[in-house]
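Residue-level structural notes
Each chain is listed here by its residues.
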Amino acid sequence: MITALAGGIGASKLLLGLALAAPDEEMTIVVNTGDDIELLGLYIAPDLDTVTYTLAGAVNPATGWGLRDDTFHCLETLERYGLERWFNLGDRDLATHLFRTQMLGAGRTLSEVADEIRRAHGVRSRILPMSNAHTPTTILTDEGELHFQEYLVKRRAAPVVRGIRFERIAEARPAPGVTEAIREAEAVILCPSNPLISLGPILSVPGVRAVLRETAAPIAAISPIVGGASLKGPTDRMLADLGYEVSAAQVARLYDDFIDLFIIDHVDEPSRAQIARHIPRVEVTGTVMTDEASKLALARFVLDQVRN
Ligand code: FO1
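The structure presented is a predicted model; accordingly, all values stated were derived computationally and were not measured.

This brings us to the site of the ligand. Around the ligand there are 14 residues in total, and Asp-35, Pro-46, Asp-47, Asn-88 and Gln-149 lie nearest to it. Asp-47 places a side-chain nitrogen or oxygen 2.7 Å from an oxygen atom of the ligand. Take Gln-149: an N or O atom from its side chain is 2.7 Å from an oxygen atom of the ligand. In isolation the ligand has 530 Å² of accessible area, and contact with the protein removes 87% of it. Of all the cavities here, the one that holds the ligand is the largest pocket. Of all the secondary-structure elements, those providing two or more residues to the shell around the ligand are helix H2 (46–55) and helix H6 (148–154). The element best represented in the shell around the ligand is H6, accounting for three residues. Its residues placed into classes, the shell around the ligand shows eight nonpolar, three polar and three charged.

Here is the structure:
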């Protein structure tokens, strides 16, 4: 059993490779829910949906989020009523949010609903939210406090980041199955997601970091920073704004209390020795995933390394 910790789009590429490289029913994915937001009376869980839609082969390939061939008639009508359109919820995607919101209102937990949604989409891997508590990520910026989606989507990551807060995280508990999936895994893989706002929330759920330190399973992380820049999203800018070095080595330092293996891209080979001062093993391969072949190749490399 492989357990992966994942954010949204960047993680999904590797997850797709892992699902091709190993039996997908033997994979458990623990997903960030700090991106979750309530809009239009609906509970939206973007990373859970991105992972589910990607593994179902149903994701919009142009964006990496939302459903393929979706339409936006509902939002267009809401715009006619004067509502500001900044978060694009497709008509079919809305069904997921309507279903989730209705189930949560009827007293079901986020993990129960996530499980129903992934099964309905034919996904055989287990998909667990990091917690059933709602712990939205607030970005403290030079323009004030913004929900993560307001910072990323509405303001296009333009404001300068001064800090990050995971609301009510201290009272959150890991969702059922999360600590067991880490403790009992054959290997744990940290996907190449933003370490601050994608994997950061998962690692901040009380008990998660402790079980990562304790587990006998080998733990590997793949750097989301390649050659001093993030391949997708504002990871590099956020690191720089918060005074961190923008490098694979910096990402490794954020995980150095629990990972056994750090995987970097060929272009970062020169920093291998430096990283190896903090991490037991550092391996080098091509980590840029542009097509199915490169997703599968990286997944196979990671699995080979953790099994060695
Ligand atoms: N990202 C955007 O850049 N613009 C959008 O309008 C947008 C809508 C959206 C709707 C549903 C969903 O599940 C994801 C959506 N995303 C959108 C992606 C999302 O903001 C982020 O990529 C993740 O939260 C980061 O992992």
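Moving on, we come to the pairing of strand E14 (residues 281–285). Burial of E14 is extensive: four of the five residues sit out of reach of the surface. Where strand E13 (residues 261–265) lies against E14, five bridges are found, and the strand directions are parallel. From the neighbouring strand, Leu-261 faces E14, where its bridge partner is Arg-281.

Our next topic: the layout of surface pockets. Quantified by volume, the largest pocket comes out at close to 1100 Å³. Ile-9, Trp-65, Leu-152, Lys-232 and Gly-233 are, among the 45 residues lining the largest pocket, the residues nearest its centre. The set of elements that each furnish at least two residues to the lining of the largest pocket consists of helix H1 (9–21), H2, helix H4 (91–105), H6 and helix H10 (235–241). Its residues assigned to classes, the lining of the largest pocket shows 21 nonpolar, 15 polar and nine charged. In this structure, the second largest pocket encloses a volume near 260 Å³. If you trace the second largest pocket, you find 16 residues lining it, with Val-59, Asn-60, Pro-61, Gly-64 and Lys-295 closest to the centre. A per-element tally of the lining of the second largest pocket places H1 first, with four residues. Residue composition of the lining of the second largest pocket, by class: six nonpolar, six polar and four charged.

What describes a pair of aromatic rings is the distance from one ring centre to the other and the angle between the planes of the rings. For the structure shown, the criterion picks out three aromatic pairs. Arranged with centres 6.0 Å apart and planes meeting at 55 degrees, the rings of Tyr-255 and Phe-258 form a pair that is tilted. Overall, the relative accessible area of 1% leaves Tyr-255 in the buried class. The class for Phe-258 is buried, based on a relative accessible area of 5%.

The rules behind each value
Numbering of residues begins from 1 in every chain and follows the order in which that chain's sequence is written. Thresholds applied to this predicted model are a pLDDT of at least 70 for local features of residues and 80 or more for the giving and counting of side-chain atom pairs; totals over whole chains, interfaces and linings are not thresholded and use all residues. Hydrogen atoms and water are omitted, and side-chain values are computed over all heavy atoms in the structure. Think of it this way: one heavy atom of a residue within 4 Å of a molecule or strand is enough to make that residue near it. What qualifies as a polar contact is a pair of N or O atoms within 3.5 Å, subject to a donor-acceptor requirement within protein and to the restriction that residues adjacent in sequence count only when both atoms come from side chains. Method for areas: the Shrake-Rupley scheme with a 1.4 Å probe, in which residue coverage is limited to the protein chains shown. Think of a 1 Å grid over just the protein atoms. A cavity is a set of points where a 1.4 Å probe fits yet cannot get out, a pocket is an open set with protein on both sides within 12 Å along at least five of seven lines, and lining residues have an atom within 4 Å of a point. Any molecule with more than half of its atoms within 2 Å of a cavity's or pocket's grid points is regarded as sitting in that cavity or pocket. Here a helix means four or more residues in a row that DSSP labels H or I, a strand means two or more in a row labelled E, and each is numbered from the N terminus. Side-chain classes follow a simple rule in which Ala, Val, Leu, Ile, Met, Phe, Trp, Tyr, Cys and Pro form the nonpolar group, Asp, Glu, Lys and Arg form the charged group, and the remainder, Gly included, forms the polar group. Throughout, exposure labels follow a simple rule: accessible area from a 1.4 Å probe, protein chains only, divided by the maximum for the residue type, with under 20% read as buried, over 50% as exposed, and the rest as partly exposed. By the convention used here, strands pair only if DSSP detects at least 2 bridges between them. Grid points are joined across faces, edges and corners, and a volume is the space filled by probe spheres set on the points. Note on aromatic pairs: the rings of Phe, Tyr and Trp (six-membered ring only in Trp) are paired at centre separations within 6.5 Å, and the planes decide the class, stacked below 30 degrees, edge-to-face beyond 60, tilted for the rest.

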